[in-house]
Amino acid sequence: MVTFRWLGTAGCEITAKGRTMLIDPYLSRPSKREIFLGFLTPREDSVGAYAESLSAPCAAIIVGHTHFDHALDIPLMAKYCEGPVIGSESLQTLMGFYGEEERVIVCKGNERIQISAAAVTMIPSCHGRVLMGKVPYPGEIDPSARLPLKAKEYRLGGMFMPHLEIDGISFIHVGSANFIESELEGRWCDVLCLCVPGWEYAAEYTTSLLQMLKPSLIIPFHFDDFTLPVGKDGYVASLPFLKMKSFIERIGASVPKATIRILRPFDSIEL
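Here the structure is a predicted model, which means the values were calculated and not measured.

A look at the pairing of strand β2 (residues 11-16)
Counting buried residues in β2 gives 6 out of 6 residues, a clear majority hidden from the surface. Along β2, one buried face is formed by Gly11, Glu13 and Thr15 and the opposite face, lined by Cys12, Ile14 and Ala16, is buried too. Of the pairings in the sheet, the one linking strand β1 (residues 3-8) to β2 comprises 5 bridges and is antiparallel in character. Looking at the pairing, Arg5 lines up with Glu13 of β2. Hairpin connection, β1 to β2: the antiparallel pair is bridged by 2 residues, and Thr9 has positive phi, about 55°. In this structure, the hairpin formed by β2 and strand β3 (residues 19-23) is closed by a connection of 2 residues, where Lys17 is found at a positive phi of approximately 50°.

Looking at the sheet that holds strand β13 (residues 259-260)
Read from one edge to the other, the open sheet built from 7 strands follows the order β7-β8-β9-β10-β11-β12-β13, with strand pairing classed as mixed. Two strands lie at the open edges of the sheet, namely β7 (112-115) and β13, each paired on one side alone. With 4 bridges joining them, strand β9 (residues 160-166) and strand β10 (residues 169-174) adopt antiparallel strand pairing. Bridging from a neighbouring strand, His163 pairs with Ile172 of β10. Relative to strand β12 (residues 217-221), helix α7 (residues 244-254) is tilted by about 160°, and along the sheet it contacts β11 (191-195), β12 and β13.

What about the packing of aromatic side chains?
Scanning all chains against the criterion turns up 7 aromatic pairs. The interplanar angle of 15° and the centroid separation of 6.2 Å between the aromatic rings of Phe4 and Phe171 together place this pair among those described as stacked. With Phe4 in strand β1 and Phe171 in strand β10, this residue pair connects regions lying 167 residues apart in the sequence. You'll find Phe4 and Phe171 in the same group, each marked buried. Three or more aromatic residues joined by ring pairs make a cluster, and in this case those are Tyr26, Phe68 and Phe226.

Observations regarding the side chain of Asn178
Its location among the elements puts Asn178 in the loop between β10 and β11. Asn178 gets classed as buried once you look at its relative accessible area, which sits at 18%. Within the structure, the side chain of Asn178 is placed 3.5 Å from the backbone oxygen of His127, a separation counted as a polar contact. Each residue touching Asn178, except ones within four places of it in the same chain, is listed here: Ser125, Cys126, His127, Gly128, Met161, Ala202 and Tyr205.

What about the pairing of β3?
Burial runs high along β3: 4 of the 5 residues are buried. Pairing between β2 and β3: 5 bridges, direction antiparallel. Counted as the bridge partner of Ala16 is Arg19 from β3. Strand direction decides the pairing type here: β3 and strand β4 (residues 58-62), joined by 4 bridges, are parallel. Paired with Ile23 across the two strands is Ile62, which belongs to β4.

What counts and how
- Residues numbered from 1 in each chain as written.
- Predicted model: local features only at pLDDT ≥ 70, side-chain atom pairs only at ≥ 80, totals over all residues.
- Heavy atoms only, no water.
- Buried < 20%, exposed > 50% of the residue type's maximum accessible area, 1.4 Å probe, protein only.
- Helix = DSSP H or I, 4+ residues; strand = E, 2+ residues; numbered from the N terminus.
- Pairing = 2+ DSSP bridges.
- Contact = heavy atoms within 4.5 Å.
- Axes fitted to C-alpha atoms, helices over the stretch in contact; angles between N-to-C directions.
- Phe/Tyr/Trp six-rings, centres within 6.5 Å; stacked < 30°, edge-to-face > 60°.
- Polar contact = N/O pair within 3.5 Å; in protein donor to acceptor, adjacent residues only side chain to side chain.

All we've got here are geometric facts, nothing functional implied.
Structural data, given as structure tokens:
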């Protein structure tokens, strides 16, 4: 049995065979004021409480890219992980600020990494256009930077679409609304975690991407306002101007046989 849990934003928790794999776990959720006017620091209480709640040991942390809403909590979360942290050179730079650069398996693209009973392939990808039609904070994290970092210093770095195979189920994590068509030829998945913001800027994102991967289950994510805390009931406001209804209709028309599940943060499903 495989258990999937959405952590909010692009964070995913996948547990099977007594091990948990994390993708882009983001628990601190700094406020708008902190993001736009201050410096960002992982919240030890939020990350620690989550880590202690895991039902199985963390075997690896996978990072699709290094914007703050994907990577802020990675160095702290790594303290609770038995295995490696997988991602880009910018991720290694970020981990190096905490003296943990040796924990990182640095990927260039299409590496297949065996972790316990799971296999991870880091598919090269590209970031969606979300801020005034532009990709936010492109480039690499500056190795000469000093902690704490501002939001804009969490640069994109290398961009990947993690593909996780575990206990006979294939997951693809699309952490931003764009893709490289040639990198997806011949690939497929059972479960597709699909970023919502920016979907309107990439015409093929809600058509050919889905038709190539042929998922049986689609889980839209990253639609929550990640500058707000998650309520005790899992409720958090959605980001504005997403046209969520149109998004759901579009992906439903592209792969009519797929099931679409809308989750609240920290909801889990068994597969």
